[in-house]
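Examination of the molecular architecture
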Amino acid sequence: MAKISFIGMGVMGFPMAGHLAKNGHDVTVYNRSSKKAELWVGKFGGSSAPTPKEAAIGADFVISCVGNDDDLRSVTLGADGAFGSMAKGSVFIDHTTASADIARELGEAANGFDVIDAPVSGGQAGAENGVLAIMCGGEKAVFERAEPIMECYGKTVKLIGGHGAGQQCKMVNQIAIAGLVQALSEALNFSKRAGLDGSKVLEVITGGAAGSWQMANRGQTMLDDQFDFGFAVDWMRKDLGIVMEEAARIGADLPVTKIVDQFYGEVQDMGGNRLDTSSLIKRLS
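Described below are features of the structure shown in this document. (Residues numbered from 1 in each chain as written. Predicted model: local features only at pLDDT ≥ 70, side-chain atom pairs only at ≥ 80, totals over all residues. Heavy atoms only, no water.)

**Observations regarding the packing of aromatic side chains**
Two aromatic rings are characterised by how far apart their centres lie and by the angle between their planes. The full count for this structure, using the stated rule, is four aromatic pairs. A centroid spacing of 4.8 Å and a plane angle of 75° characterise the contact between Phe 83 and Phe 113, whose relative ring orientation is edge-to-face. In this pair, Phe 83 sits in the loop between α4 (69-77) and β5 (91-94) while Phe 113 sits in the loop between α5 (100-109) and β6 (114-117), placing the two residues 30 residues apart along the sequence. For the residue pair Phe 83 and Phe 113, the accessibility class agrees, reading buried in each case. The rings of Phe 14, Trp 40 and Phe 44 are connected pair by pair, giving a single aromatic cluster. (Phe/Tyr/Trp six-rings, centres within 6.5 Å; stacked < 30°, edge-to-face > 60°. Helix = DSSP H or I, 4+ residues; strand = E, 2+ residues; numbered from the N terminus. Buried < 20%, exposed > 50% of the residue type's maximum accessible area, 1.4 Å probe, protein only.)

Shown next, in the form of structure tokens:
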């Protein structure tokens, strides 16, 4: 059993920390809104702390899943940040989807402890079911220590490279998703305008070369005009902004991703900020 601090009780962090508790770990949680932390303790046991710094005291592993670079910097390097109290030999695991720059910054700021950047894919359902894909950046020996902890809520946990490589891998993931959802949106819209039965079309093509997770899990809900599946358009635009900045830095051309990012902007203009990413189809209907 490990002593673990988990920072961030959002739609992802809440169930992820729950899996740690269910696996017998001693978990202390922190959330900016203390009510969510109290709800977690009421459901899973453990304890809560008033600041990240206090939550991290004595922890073998400190885990975060917050909003963006600024949030991450605040809960780690701020006046009440976890880095101010982390024990020597402990490990900080960050599941935030953030920039590669902040991952490297935190790696350099660590003093006597180690850092793994470990963004996740799989959405709210993946977190609740403990089957997330986790892409990691950091040192191999540190990853091997942290891997059993992440396997409490991860189905695939992989070391990609050094600090920042996990974040770059997540960028690859988001590039692929953006293109897939746009293509699926166009395909389903074409099917509708051609007068076809969309459900029958999906039944046929999902098992063929066109099949994908997005098609299997979101195709029918897109036809049914249902877009309440966790990962919001606002968050996707945040992620794609990070992607564009990194692409400019490394000289990668992303013509399709740039266009899809603009399309997500149109969904926001339609009031779809909190709809999930499959709502891209709404701008075509």
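From this point, things continue past the structure.
**Structural notes on the pattern of salt bridges**
A complete count under the given rule lists 11 salt bridges for this structure. The residue Arg 249 makes a salt bridge to Glu 246 at a minimum N-O spacing of 2.8 Å. Here Arg 249 pairs with Glu 246, and both are found in helix α11 (residues 233-250), just three residues apart, close to one helical turn. In this structure, Arg 283 engages Glu 266 in a salt bridge whose closest nitrogen and oxygen atoms are separated by 2.8 Å. One end of the pair, Arg 283, is in the segment after α12 (255-269); the other, Glu 266, is in helix α12, with 17 residues separating them in the sequence. Connected through salt bridges with shared partners, the residues Asp 70, Arg 73 and Glu 105 form a single ionic network. (Salt bridge = Lys/Arg side-chain N within 4 Å of Asp/Glu carboxyl O.)

**Let's talk about α5**
If you check which residues of α5 are buried, you get Ala 100, Ile 102, Ala 103, Leu 106 and Gly 107. Angularly, the buried residues of α5 cover 165° about the axis, an arc narrow enough to put them on a single face. Packed against the buried residues of α5 are α4, β5, β6, α8 (165-193) and α11. (Arc of directions from axis to C-beta. Contact = heavy atoms within 4.5 Å.)

**Topic: the side chain of Asp 261**
Among the secondary structure elements, Asp 261 is positioned in helix α12. Judged by relative accessible area, which is 13%, Asp 261 ranks as buried. Residues within four places of Asp 261 in sequence aside, it is in contact with Arg 237, Leu 240 and Met 244.

**So, the layout of surface pockets**
One water molecule sets the probe size; rolling that probe over the atoms shows where empty space is left. Within this model, the second largest pocket holds a volume of roughly 180 Å³. Considering the residues around the second largest pocket, the lining is formed by Leu 188, Asn 189, Lys 192, Met 222, Leu 223, Asp 225, Phe 227, Ile 281, Lys 282, Leu 284 and Ser 285. Listed by contribution, the elements that provide at least two residues to the lining of the second largest pocket are α8 and α10 (213-223). No other element matches α8, which puts three residues into the lining of the second largest pocket. (1 Å grid on protein atoms, 1.4 Å probe; cavity = no way out; pocket = protein on both sides within 12 Å on 5 of 7 lines; lining within 4 Å. Points joined across faces, edges and corners; volume = space filled by probe spheres on them.)

**Some remarks on the pairing of strand β4 (residues 61-64)**
Residue alternation in β4 divides its side chains into two sets, Phe 61 and Ile 63 and Val 62 and Ser 64, and both sets are buried. Sheet topology places β4 next to β5; four bridges connect them, and they run parallel. Bridge assignment links Ile 63 to a residue of β5, and that residue is Ile 93. In this region the chain leaves β4, passes through α4 and returns to the parallel neighbour β5; the handedness of that crossover is right-handed. (Pairing = 2+ DSSP bridges. Right-handed = clockwise from strand over helix to strand, strands pointing away.)

**Structural notes on unusual backbone geometry**
Even without a glycine there, the phi angle at Asp 225 is positive, about 60°. Here Asp 225 shows up in the loop between α10 and α11.

**Quick notes on the nonpolar core**
Counting 34 residues, the largest nonpolar core has Phe 6, Leu 20, Ile 134, Met 150 and Tyr 153 as the members making the most contacts within it. Counting only elements with at least two residues in this core, the list comes to β1 (3-7), α1 (13-22), β2 (26-30), α2 (34-44), β4, β5, β8 (132-137) and α7 (140-150). If one sorts the elements of this core by residue count, α7 sits on top with five residues. Discounting residues that sit within four places of it in the chain, Ile 134 has contacts with His 95, Ala 118, Pro 119, Val 120, Met 150, Tyr 153, Gly 154, Thr 156, Val 157 and Lys 158. Counting 19 residues, the second largest nonpolar core, distinct from the first, contains Ala 59, Leu 72, Ala 110 and Val 115. (Core = buried A, V, L, I, M, F, W, Y, C linked by side-chain atoms within 4.5 Å.)

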